Protein chains: 2
Amino acid sequence: MSTRDEDPLVPNEINEFNSNEAEVINVPTAHNKIGNWRKQNVKQVEALDYDEVENELFIREEVETSPRQLTAINIQRWLICIAIGIMTGITAVVIDISIDQLASLKMSALEDSIKECVQETCLWRPLFMWIGINTLLVAFAASITTFFAPVAAGSGIPQIKCYLNGVKVPEVVRLKTLFAKVSGIIATVSGGLAVGKEGPMVHSGAVIAAGISQGRSITTGITTPLFTHFRNDREKRDFVCAGAAAGVSAAFGAPVGGVLFSLEEAASFWNQALTWRIFLCSILSSYTLNILLSVYHDHPGDLSYPGLINFGQFDSTYMLQDLLVFFIMAALGGMSGAAFNALNIRLMKYRMTYVKSRIFHVLEACIVAIVSGMISFTLMYCNTECKPLGQDPMKLQFFCSDGEYNVMATLLFTTPESGVKSLFHDPLGAYSCVTLVAFVLPYFFLACWTYGLKVPSGLFIPSLLIGAAWGRLVGVLLNTILPNSEWTQDLEKYALIGAASQLGGTVRMTISLTVILIEATGNISFSLPLMAVLLIAKFVGDLFNTGLYDMHIELDHVPVLDWEPPPLSGCFKAKQIMFHPPITLNLRACVKDIVQNLSKPGCNHGGYPVIDDRGKFHGVILRSQLLILIKYKVFQERESIGPLPLSVFRDSYPRFYSINLLNVSAAERELHIDLEPYVNPSPYVCHEDSSFPRIFRLFRALGLRHLVVVNDDYRVVGIVTRKDLYKFGEHRDNVISGQCSH
Amino acid sequence: MSTRDEDPLVPNEINEFNSNEAEVINVPTAHNKIGNWRKQNVKQVEALDYDEVENELFIREEVETSPRQLTAINIQRWLICIAIGIMTGITAVVIDISIDQLASLKMSALEDSIKECVQETCLWRPLFMWIGINTLLVAFAASITTFFAPVAAGSGIPQIKCYLNGVKVPEVVRLKTLFAKVSGIIATVSGGLAVGKEGPMVHSGAVIAAGISQGRSITTGITTPLFTHFRNDREKRDFVCAGAAAGVSAAFGAPVGGVLFSLEEAASFWNQALTWRIFLCSILSSYTLNILLSVYHDHPGDLSYPGLINFGQFDSTYMLQDLLVFFIMAALGGMSGAAFNALNIRLMKYRMTYVKSRIFHVLEACIVAIVSGMISFTLMYCNTECKPLGQDPMKLQFFCSDGEYNVMATLLFTTPESGVKSLFHDPLGAYSCVTLVAFVLPYFFLACWTYGLKVPSGLFIPSLLIGAAWGRLVGVLLNTILPNSEWTQDLEKYALIGAASQLGGTVRMTISLTVILIEATGNISFSLPLMAVLLIAKFVGDLFNTGLYDMHIELDHVPVLDWEPPPLSGCFKAKQIMFHPPITLNLRACVKDIVQNLSKPGCNHGGYPVIDDRGKFHGVILRSQLLILIKYKVFQERESIGPLPLSVFRDSYPRFYSINLLNVSAAERELHIDLEPYVNPSPYVCHEDSSFPRIFRLFRALGLRHLVVVNDDYRVVGIVTRKDLYKFGEHRDNVISGQCSH
């Protein structure tokens, strides 16, 4: 995603026009004092429209709908959710098995080479071989992401958060993004980067949902006659909710967490029927993964693989005195997470300034792969800790005597998941303090450098790995201090709490992520301390900065609306934040006017207020509707053409035409369009004296894209868009400093 | 709660007036066809107002608020939530320990008596003794509920659902209700009724929250100067959310489930800061209970009592082939739950018709206590199954030889919780088919009769007990058919799934209740089948009727709004459902007019539209505000009195004066009040052509109480209240049959 220096939405001439007109509508002086807010940087994206267009065509269709048809549509909704759940589960299985195969291929090749070379002092050979393989894999992932689907970079959770919040991030739910995401994450995880495979599943689930529910794919150009009813923002977003939930469910084995994630991010109020569909979708996704992975791992019927993550069985219990230790660890995790975020964002800003070209993005990813490989190799080489090899086939000998294994290699050479598992469950004494410190410090910086590269990458696993390592370290230290106390013998609990604290401090767990973590660790007896720890980590972290996902969203200037209006903003009115004078259309609109308005440079409003012949507000017509009306030349003077059916509007969703590509002859420009059947009549409006918090809540609760502002005569005086709210909200410092005490 | 035959809100003269005026505002003919809906029965309750009154006083206070004061208010919010959590936990402990003590007192007294009498054939003595004690306890509970706090009857979950939905059920969060609830539930559970102690905790938590957050108690008349800022519907409801969550958390050991319960029922959109406070409150409640109960049970520091329910450790695993059995059981549970609901509601209707006097309510409860005792005694007496007594001190000998225990007594004589635990965990062979059938059938009817009595009673445990019994029966039967198969050896899973199915079929688990059940059983490995089973049970049950809580709410005609507007209602407009002509007030209102409007019989609107001197809509003033203005005689002609400060309004919350008790002299009636500083300016409005679904969503998402309807001139043409939406929604049959195809 990129940012721009100027905001093309509000060009200078309109801004000037704006202030010239200020007297006419009695804008108080405060407006000018804080007028700068409109120049706020904001990403050039469209907003989703969650409000139904209840025009004549819609009502007519509704009246003609029989209860049986309604049932049929409802059954389709359930079927789609079933399909989304199963497909998402299968996708997760494909990712998991591919990584498993690639990793074991790489591992066996390297281990042989190292065994040979330890004796023959040709250590450069496995080193180069390893780094070579890793770099190739990462280069592939970076290229496919950079050149083919840039939006597939990162974990995808911020992008899905934006989408569910109501912002159309371009290409975010396209099939090619899915391909890039899936193949990319397989390559980066196998390529030994400090990333997890879980985060990208959320994005994958969302793409699958969008594809299935629309019955078409823009990337491939395939359009089926299925599910045409669902081709609008509202329905699509509901299904994307289900897909994201299925993704979370498959990734973390957390069906409830998935449902909560979607509901929390979607933020419109809780709809019970939708919730049940999302729930079913989540469950199916987890079941599908479970059954297929059980078969793959030769335990059919065992069903012990609910998610991609599998942290094994926890047998720990905790005592009252543990809680104090846990809470201190939580505070540490909050600080460590905040440090991670601050460092990562500094790097991102640096990257945005200096690493602009696409080829540099690929290069940077390769450099990280090489550095990761070299650091890992050095650490394993310098490792002084060799332990007797038990029955565990996963332990690697690497530079140790026969019958022993290299402790550092357990953390660095296998997949990060198995590292986390080992830190959680290995007995007391498996890791020395030195090994843990030597591992955690470089890995922290590596993970920090890695997240933000132009490759698909999950943040969960690296955070858990870092946290589990220092959590275990705390346990080892406690055990050194109190070697005979029974309650310091068990390191599981400290590793778990460390992992949770670090993750909580980084992403600032919301309630959904808390449930995800509890479900992922499969440990309900630890749910109380886990929740308390996440709460403390969030509180401490929030003293320094916000969560990493939110920081990335903010960095991109995506107009995501916060949960609540900024405090103390009750004195600001609609007339101070609205875009005015508004561009209105007449009910019987001249084609010339429409074309002129639509092609006005920099004025790509999503909707236009329509006024009747008395000049009163009548309704809203969307830009997309106008484009279709012109494209199909539905001119009033050519009476043979009746009103366009709704299906035409649904079919052209979501790719609408560009006004510049539509061919409108000079003669046609003089004709008229009767907007009456298409206009969304009596949508939500607000009075020009309505307060900012009131408008904000309306947008947030109902998923609005724009709101028409009327005056005492029910005439249109302006329009408020999501971007206005975002920009104004960003200037909350001005707001709090009491600018409105006029 | 009671219902009325006529709706005093819309007296006949207004209804007639209504239809006389129909032509004036161009109401389409469809209105008359479906005009009957206004006669819909609806409970005479007030609605909560979640919309902030942003009047001049409010804005002035906000402008004068420094960021430090804002922080102080925020800290107070957190402190209150901490207090709510701890107090709710303590209340749960009080309930638990009291029941424990009473039950063991009763038990030891009876066992001695039975031991004596088995030999001496004086069995009538313990029988009478038992029934006597039970009846006394139940009579106490029924009397305190009926005469002192009628709203304390039942589980309280329906009442809290109503409150969070936005309906002020009278006295629902009063201190006396808490006393009745707590002492009542102790008595009913100890009195051997088929009830659980968990449901009432939700209600108790809510009352505690309301009390603490308001810094006052109406029952005791104590008012502290604390927390005056929070004395309004909006803040109070937020805290009640937290209290309800804390109640769920303490009852079921389900902090996450508690948070979800509150969020789901409150239904306004997800507010993150509030969620975190609720979360903390939930956690603290569970911790408090855990620590105190650990101390009580002599395991300080062990922390293994997260909730009142404790179902012990599950070691089961399930196989793929189990799923089919589970799903069939789920369908059975759905049907059994639906049967329970249908029977219970039929009983309730019968009770509402014939058991009207208070004394009869107490009598009925006593009869149920006697019948429960007699049935239990008969079953234990007729029981043919005696098993060798192991180490378990909880097993009772009753009519069995020495060294053996009475199997039936395990289910019937101890608390229902221990019955559930025994059904879950006792080894194969502990219960025969005959015992299970002999237990489950009478208990089903007893539980059905009991829920709805005028005593505090929880529904969870009886449902779980019924389900666990028939679930175990399924397991025993399967084991008889396939005695050698390994997967039928373990009955735990069948009992658990049976319990979940029955509960799901009865209350129709929403997602929050699913999480509650998972947390309560403390078994995350069963979360997938549990969710699937609850989904199926809900689906099957929904084919027959709705959940029991919802049925009770519907029976009471409480105007609770559904999640979504009824389907196919898009063609209905505001002008068809609004109350018109509206009663409006002028900005400079004559006291005479105000008094006249306020005292109009049957017209107790919560708010009145205020119009300016041009007749345009200016804002809304609440009935409560008007009453205070008159009470304090804030008349314009007496210039010495400035505008009343906000604190006066907060202090009089929530007990406002009655218009008939206010003394307004004839001279004062001619004076005027300037409403300008008090009016809520530019609240949400809708146009008379706005569609029904649009208005419904506005109400639901923003927690509105009333919505002013304006026309093309921004003049008030009507007002829509929650009751109008409810009544109209109830007539959805008319809606679906396409009445609007005019």
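Residues numbered from 1 in each chain as written. Chains lettered and ligands numbered in written order. Predicted model: local features only at pLDDT ≥ 70, side-chain atom pairs only at ≥ 80, totals over all residues. Heavy atoms only, no water.

Some thoughts on the sheet that holds strand β14 (residues 706-710) of chain A
Residue and element names in this part refer to chain A.
- With mixed pairing, three strands are arranged side by side in an open sheet as β13-β14-β15. Pairing within the sheet leaves two strands with one partner each, and these edge strands are β13 (685-687) and β15 (716-721). The average angle at which neighbouring strand axes cross in this sheet is 30 degrees, direction not considered.
- Pairing of β14 with β15 involves five bridges; the strand directions are antiparallel. Bridging across to β15, V710 finds its partner in V716. (Pairing = 2+ DSSP bridges. Helix = DSSP H or I, 4+ residues; strand = E, 2+ residues; numbered from the N terminus. Axes fitted to C-alpha atoms, helices over the stretch in contact; angles between N-to-C directions.)

Section: the packing of helix α10 (residues 255-266) of chain B against helix α11 (residues 272-296) of chain B
All names here are of chain B.
- One can describe the packing of α10 onto α11 by two numbers: an axis separation of 9 Å at closest approach and a directional angle of 140 degrees. With respect to each other, α10 and α11 are oriented oblique. Note on packing geometry: the crossing formed by α10 with α11 is right-handed. Seen from α10, the contacting residues are P255, V256, G258, V259, S262 and L263; seen from α11, they are T275, I278, F279, S282, I283 and S286.
- Looking at side-chain class alone, the contact of α10 with α11 contains seven nonpolar, five polar and no charged residues. (Parallel < 35°, antiparallel > 145°, perpendicular 65-115°, else oblique. Left-handed = near helix turned anticlockwise from the far one by under 90°. Contact = heavy atoms within 4.5 Å. Nonpolar A, V, L, I, M, F, W, Y, C, P; charged D, E, K, R; others polar.)

Thoughts on the confidence of the model for chain A
All names here are of chain A.
- For chain A, per-residue confidence averages 83 on the pLDDT scale, and 90% of positions sit at 70 or higher.
- When pLDDT is averaged over each helix and strand of chain A, the minimum, 32, is found for helix α1 (residues 12-20) and the maximum, 94, for helix α7 (residues 175-190).
- Overall, residues 1-34 carries pLDDT values under 50, and its contacts beyond four positions in sequence, including any with other chains, amount to 56 contacts.
- Predicted complex metrics record ipTM = 0.86 and pTM = 0.87. (pLDDT = per-residue confidence, 0-100.)

What about the relation of the copies chain A and chain B?
- For the pair chain A and chain B, the relating rotation is 180 degrees, the translation along its axis is 0.0 Å, and the fit reaches an RMSD of 0.1 Å. Considering both components of the superposition, the chain copies are consistent with a two-fold axis.
- Of the residues that chain A buries at the interface, 100% are likewise interface residues in chain B, meaning the two copies contact each other through the same surface. (Least-squares fit on C-alpha atoms with pLDDT ≥ 70 in both.)

Things to note about helix α24 (residues 623-631) of chain B
Residues and elements named next belong to chain B.
- The buried fraction of α24 is high, at eight of nine residues.
- Those residues of α24 that sit buried are R623, S624, Q625, L626, L627, I628, L629 and I630.
- Summarising the contacts, the buried residues of α24 are in contact with β7 (585-586), α23 (591-598), β9 (607-611), β10 (617-622), α25 (646-652) and β11 (672-674).
- Two residues or fewer past α24, K633 is found with a positive phi of approximately 50 degrees. (Buried < 20%, exposed > 50% of the residue type's maximum accessible area, 1.4 Å probe, protein only.)

Notes on the interface of chain A and chain B
- Taken together, the contact pairs 89 residues of chain A with 89 residues of chain B.
- Note on chain A versus chain B: buried area summed over both sides is about 8,100 Å², and carbon and sulfur give 68% of it.
- There are ten salt bridges connecting chain A and chain B.
- Two residues, E54(B) and R694(A), come together in a salt bridge whose shortest N-O distance is 3.0 Å.
- Our count for the contact surface shared by chain A and chain B stands at 24 residue pairs in polar contact (both at pLDDT 80 or more).
- When residues of the side of chain A that touches chain B are assigned to their parent elements, the largest contribution, ten residues, is made by helix α11 (residues 272-296) of chain A.
- Looking at the side of chain A that touches chain B residue by residue, the classes come out as 49 nonpolar, 21 polar and 19 charged. (Buried area = accessible area lost by both parts, 1.4 Å probe. Salt bridge = Lys/Arg side-chain N within 4 Å of Asp/Glu carboxyl O. Polar contact = N/O pair within 3.5 Å; in protein donor to acceptor, adjacent residues only side chain to side chain.)

Structural notes on the pairing of strand β9 (residues 607-611) of chain A
Residues and elements named next belong to chain A.
- In terms of residue burial, β9 counts as a mostly covered element, since five of its five residues are buried.
- Here β9 shows a buried face lined by G607, P609 and I611 and a second buried face lined by Y608 and V610.
- With two bridges connecting them, strand β7 (residues 585-586) and β9 associate as parallel partners. Bridging from a neighbouring strand, N586 pairs with I611 of β9.
- Where β9 meets strand β10 (residues 617-622), five bridges bridge the pair, whose relative direction is antiparallel. Each residue of the ladder has a partner; that of I611, found in β10, is F617.
- As consecutive antiparallel partners, β9 and β10 are separated by five residues, and within that stretch G615 has a phi angle of approximately 85 degrees, a positive value.

With respect to the packing of helix α16 (residues 433-450) of chain B against helix α17 (residues 460-481) of chain B
Residues and elements named next belong to chain B.
- One can describe the packing of α16 onto α17 by two numbers: an axis separation of 10 Å at closest approach and a directional angle of 155 degrees. In terms of orientation, α16 and α17 fall into the roughly antiparallel class. Relative to α17, α16 is oriented so that their crossing is left-handed. For the pair formed by α16 and α17, the contact residues are C433, L436, V437, F439, V440, Y443, F444 and A447 on the first element and P462, L465, I466, A469, W470, R472, L473, V476 and L477 on the second.

Considerations on helix α18 (residues 492-507) of chain B
- Along its 16 residues, α18(B) runs 23 Å from first to last C-alpha, staying within 8% of the 22 Å computed at 1.5 Å per residue.
- Of all the 16 residues making up α18(B), 16 are buried; the element is thus mostly covered by neighbouring parts of the structure. (Expected span 1.5 Å × (residues − 1).)

Describing the sheet that holds strand β15 (residues 716-721) of chain B
Residue and element names in this part refer to chain B.
- Sheet architecture is open: three strands sit in the order β13-β14-β15, paired in mixed fashion. The sheet is open, and its two edges are formed by β13 (685-687) and β15, each paired on a single side. Looking at each pair of strands side by side, their axes are set apart by 30 degrees on average, direction ignored.
- Examined bridge by bridge, β13 and strand β14 (residues 706-710) share three bridges and lie parallel to one another. When the sheet's bridge partners are listed, C686 is paired in β14 with V709.
- Contacts from helix α27 (residues 692-702) reach β13, β14 and β15 within the one sheet, and its direction differs from that of β14 by about 145 degrees.

Brief notes about the packing of aromatic side chains
All names here are of chain A.
- A complete count under the given rule lists 34 aromatic pairs over all chains for this structure.
- On the numbers, 6.2 Å between centres and 70 degrees between planes, the contact of F326 with Y494 is edge-to-face. Here Y494 lies in helix α18 (residues 492-507) and F326 lies in helix α12 (residues 320-354), a separation of 168 residues in the sequence. Judged on exposure class, the residue F326 and its partner Y494 are both buried.
- Between F692 and F696 the ring centres are 6.0 Å apart and the planes differ by 50 degrees, which places this aromatic pair in the tilted class. In this pair, F692 and F696 both sit in helix α27 (residues 692-702), four residues apart, roughly one turn of the helix. Considered together, F692 and F696 belong to a single accessibility category, that of buried residues. (Phe/Tyr/Trp six-rings, centres within 6.5 Å; stacked < 30°, edge-to-face > 60°.)

Focus: the state of the cysteines
- Within the structure shown, the criterion is met by zero disulfides over all chains.
- For the unlinked cysteine C686(B), the closest cysteine sulfur is that of C686(A), found at 14 Å. (Disulfide = S-S within 2.5 Å.)

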